[in-house]
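Descriptive analysis of the structure
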Amino acid sequence: MGIRLIYLDTFGASGGVGRVSRELIAALSRLTPVALAGCSHVVDSLRDHIPETVPLHNLTPSKTSFRRIGYEFATRICKPRSLTLSSLLLSSLRYRFPQSSILVNFPQILPPPREGLRYSIFIHDLNWHSFPGNFGNPQEIDACCRQWCRGADFIFCNSEFTRSELLSRYPIPHEKTVATPLAPFSTCGTESVDASVLHRFNLREDSFFLFPGVIGLHKGHDLLAAALKQANGTLPVVVTCGRPELAASPSSAYAAYLADLSKDFAGLEATGKLVILQGLTDAEMATLRQSCRAFVLPSRYEGYGFPLAEAIMLGKPFLHSEIPAFQEITARHCFPAKERRSFSNERDFTTLLQDYSQSTPLPASMSANQWTWQDSAQLITARLVPTK
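What this report covers is the structure whose coordinates are included nearby. Numbers given to residues run from 1 along each chain, matching the order in which its sequence is written. For a predicted model such as this one, the threshold for reporting local features is a pLDDT of at least 70, and the threshold for listing and counting side-chain atom pairs is 80 or more; totals across whole chains, interfaces and linings nevertheless cover every residue. No hydrogens and no water enter the side-chain calculation; it runs on all heavy atoms of the structure.

**Section: the side chain of Thr162**
The way it works is that DSSP assigns letters per residue, a run of H or I at least four long becomes a helix, a run of E at least two long becomes a strand, and they are numbered from the N terminus. Along the chain, the position of Thr162 falls in helix 6 (residues 160-169). Relative accessibility under 20% of the residue-type maximum defines a buried residue, over 50% an exposed one, and the middle range a partly exposed one, all with a 1.4 Å probe and only protein chains included. Residue classification places Thr162 among the buried residues on the basis of a relative accessible area of 0%. Two N or O atoms count as a polar contact when they lie within 3.5 Å, although within protein this holds only if one can serve as hydrogen donor and the other as acceptor, and sequence-adjacent residues are included solely when both atoms are side-chain atoms. A polar contact is formed between the side chain of Thr162 and the backbone oxygen of Gly303, at a distance of 3.0 Å. By definition, residues are in contact when any of their heavy atoms lie within 4.5 Å. When sequence neighbours within four positions are dropped, the list of residues in contact with Thr162 reads Ile123, His124, Asp125, Leu126, Cys157 and Gly303.

**As for the sheet that holds strand 8 (residues 209-211)**
Within a sheet, adjacent strands bond to each other through the backbone by hydrogen bonds, running parallel or antiparallel. A sheet is described by the order of its strands in space; here 6 strands give the open sequence 10-9-8-11-12-13, paired in parallel fashion. With one partner strand each, in any of the chains shown, strand 10 (274-276) and strand 13 (342-343) form the two edges of the open sheet. Two elements, strand 9 (residues 237-239) and strand 10, share 3 bridges in a ladder whose sense is parallel. In the strand pairing of strand 10, Val237 is matched with Leu274. Interaxial angles span 0 to 180 degrees and are taken between N-to-C directions of axes, which are lines fitted to C-alpha atoms, for helices over the stretch in contact. Across the face of the sheet, helix 8 (residues 221-230) comes into contact with strand 8, strand 9, strand 10 and strand 11 (294-297) while running at roughly 155° to strand 9. DSSP-based pairing: two strands are paired if at least 2 bridges between them are found.

**Here we look at the sheet that holds strand 3 (residues 56-58)**
Read from one edge of the open sheet, 7 strands run 3-2-1-4-5-6-7, paired in parallel fashion. Since the sheet does not close on itself, it has two edges, and those belong to strand 3 and strand 7 (177-179), each with one partner. Strand after strand, the sheet turns through a mean of 25° between neighbouring axes, direction not considered. Examined bridge by bridge, strand 2 (residues 34-38) and strand 3 share 3 bridges and lie parallel to one another. When the bridges of strand 3 are listed, Gly38 appears paired with Asn58. In this fold helix 4 (residues 85-96) packs onto strand 1 (5-9), strand 2, strand 3 and strand 4 (101-105), with an angle of close to 150° to the strand it touches most, strand 4.

**Some remarks on the packing of helix 1 (residues 15-29) against helix 14 (residues 373-384)**
Interhelical geometry of helix 1 versus helix 14 gives an angle of 70° and a closest axis separation of 9 Å. Classified by the interaxial angle, the pair formed by helix 1 and helix 14 is roughly perpendicular. The interaxial crossing formed by helix 1 with helix 14 has right-handed handedness. Contact residues: Val20, Glu23, Leu24, Ala27 and Leu28 in helix 1; Trp373, Gln374, Ser376, Ala377, Ile380 and Thr381 in helix 14. Roughly parallel refers to an angle under 35 degrees, roughly antiparallel to one over 145, roughly perpendicular to one between 65 and 115, and oblique to any angle outside these ranges. Handedness of each helix crossing follows the sense of rotation of the near helix against the far helix: counterclockwise by less than a right angle gives left-handed, clockwise gives right-handed.

**What to know about empty space enclosed by the protein**
Here the idea is plain: a probe the size of a water molecule rolls over the atoms and shows the empty space left. Every definition here rests on a 1 Å grid over the protein atoms only: cavities are sets of points where a 1.4 Å probe fits but cannot get out, pockets are open sets enclosed by protein on both sides within 12 Å along at least five of seven lines, and lining residues have some atom within 4 Å of a point. Grid points are joined across faces, edges and corners, and a volume is the space filled by probe spheres set on the points. A complete count under the given rule lists 1 cavity of 30 Å³ or more for this structure. Three classes are used: nonpolar for Ala, Val, Leu, Ile, Met, Phe, Trp, Tyr, Cys and Pro, charged for Asp, Glu, Lys and Arg, and polar for all others, with Gly counted as polar. Partitioning the lining of the largest cavity into residue classes produces 5 nonpolar, 2 polar and 2 charged.

**A few points about the packing of helix 8 against helix 9 (residues 252-270)**
The N-to-C vectors of helix 8 and helix 9 enclose an angle of 35°; their axes lie 10 Å apart at closest approach. The chirality of how helix 8 crosses helix 9 is left-handed. Where helix 8 approaches helix 9, its residues His221, Asp222, Ala225, Leu228 and Lys229 are matched on the opposing element by Tyr257, Leu261, Asp264, Phe265 and Leu268. Each residue belonging to the contact of helix 8 with helix 9 can be placed in one class, and the counts come to 6 nonpolar, 1 polar and 3 charged.

**What to know about the pattern of salt bridges**
Here, a salt bridge means any Lys or Arg side-chain nitrogen found within 4 Å of an Asp or Glu carboxyl oxygen. For the coordinates displayed, the defined rule picks out 15 salt bridges. Between Arg22 and Asp282 there is a salt bridge, and its shortest N-O distance comes to 3.5 Å. On the criterion of sequence distance, the pair formed by Arg22 in helix 1 and Asp282 in helix 10 (residues 282-291) is long-range, its members being 260 residues apart. With a relative accessible area of 17%, Arg22 lands in the buried category.

**Here's the deal with the pairing of strand 2**
Among the 5 residues of strand 2, 5 are classified as buried, and the element is accordingly described as predominantly covered. Burial of strand 2 is two-sided: the residues Val34, Leu36 and Gly38 facing one way and the residues Ala35 and Ala37 facing the other way are all buried. In terms of strand pairing, strand 1 meets strand 2 through 4 bridges, oriented parallel. Residue pairing in the sheet places Ile6 in a bridge with Ala35 of strand 2.

**Let's talk about the pairing of strand 1**
On a regular strand, each side chain points to the face opposite its neighbour's, so the side chains alternate between the two faces of the sheet. With 5 of its 5 residues buried, strand 1 lies for the most part within the structure. Seen with the strands pointing away from the viewer, any crossover whose path from the first strand over the helix to the second strand runs clockwise is right-handed. Remark: the strand 1/helix 1/strand 2 crossover connection has right-handed handedness. Bridging between strand 1 and strand 4 involves 5 bridges; their strand directions are parallel. Paired with Leu5 across the bridge in strand 4 is Ser101.

**A short note on the nonpolar core**
Residues Tyr7, Leu24, Leu103, Leu288, Trp373 and Ile380 are the most contacted members of the largest nonpolar core, which totals 52 residues. Those residues in contact with Leu288 that lie beyond four places of it in its chain are Leu198, Leu203, Phe208, Leu210, Thr240, Leu277 and Leu280. Residues Leu8, Ala37, Leu110 and Phe161 belong to the second largest nonpolar core, which totals 32 residues. To qualify as a nonpolar core, a set must consist of buried Ala, Val, Leu, Ile, Met, Phe, Trp, Tyr and Cys residues joined through side-chain atoms within 4.5 Å.

Printed below as a string of structure tokens:
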């Protein structure tokens, strides 16, 4: 049987988007013959994280990213201008696999293709502050996503919230959108605690909060800093994003945000209220998830919210902001809580940090309605892989 589905990835193995690809490609491969396509950087990063049975197709020269080759293509090669890099890539895949469906993961990183090319897309969120390069001017990437959506056969969204937001923002037929709720990552922390990891970071079990996530305005690191500055007698919060990299800021607005955050992080670290870690392995993250007092999640926006899903699966307590993505997860997968664990402002956040520091909170009680990556894969293949 030939390849039935091409997973065209633009991101690679890192971060939450990359971990989605790792889990989803494996789940899809159990249902239908699937191949992974991407630039050399993407393919190489995913090579050791997906099943050996999944063929790899490198679409660019060695050590070349889609961003770099896209710039070269647009400035030197693209004549006429309507011929974009994504058009070239999709045309190449369609020529090699004329009968296969193509699923483009995280398409916002590429310019939209010309009309007439058949593809579907997987959308993770519609928050353009997720992209620091668009911090001050998100209109360009918003227009890019609009065009991708207009030409897609199907649009898979990682939550009902993302789907409803997509439908409210763009004129898209409801029937071409599919909510594909995702599952916690298989490496989220079900292994036994490694005491050497805690010793290396000078931490003790049940004596710290955990805030996993990358730096970004939407993650709410500044809200955490503001709450900790007001709090008294709280356990330290471990952040796994590292220190803000001021040199990496692509806009003046984002540079100002990072400068303020860097100053706050330094002050909180000096007083012991914050522990800053970065570059952690999956095994180290697993130990931190298992050992923390509770997850702290002050996000302003999430498309899905994997850390909250992982906390629920691990039976760990959590504090979270009252945003739609988190509310969807708790409503679907938890019984109603007797104690408060969400906040909508800095004062309530500070109070909860202080209360949870004094006594260990109760974990969330999972409902019987749990979810797997196989469920997500089945929703995708049902639309993209026709049955005989």
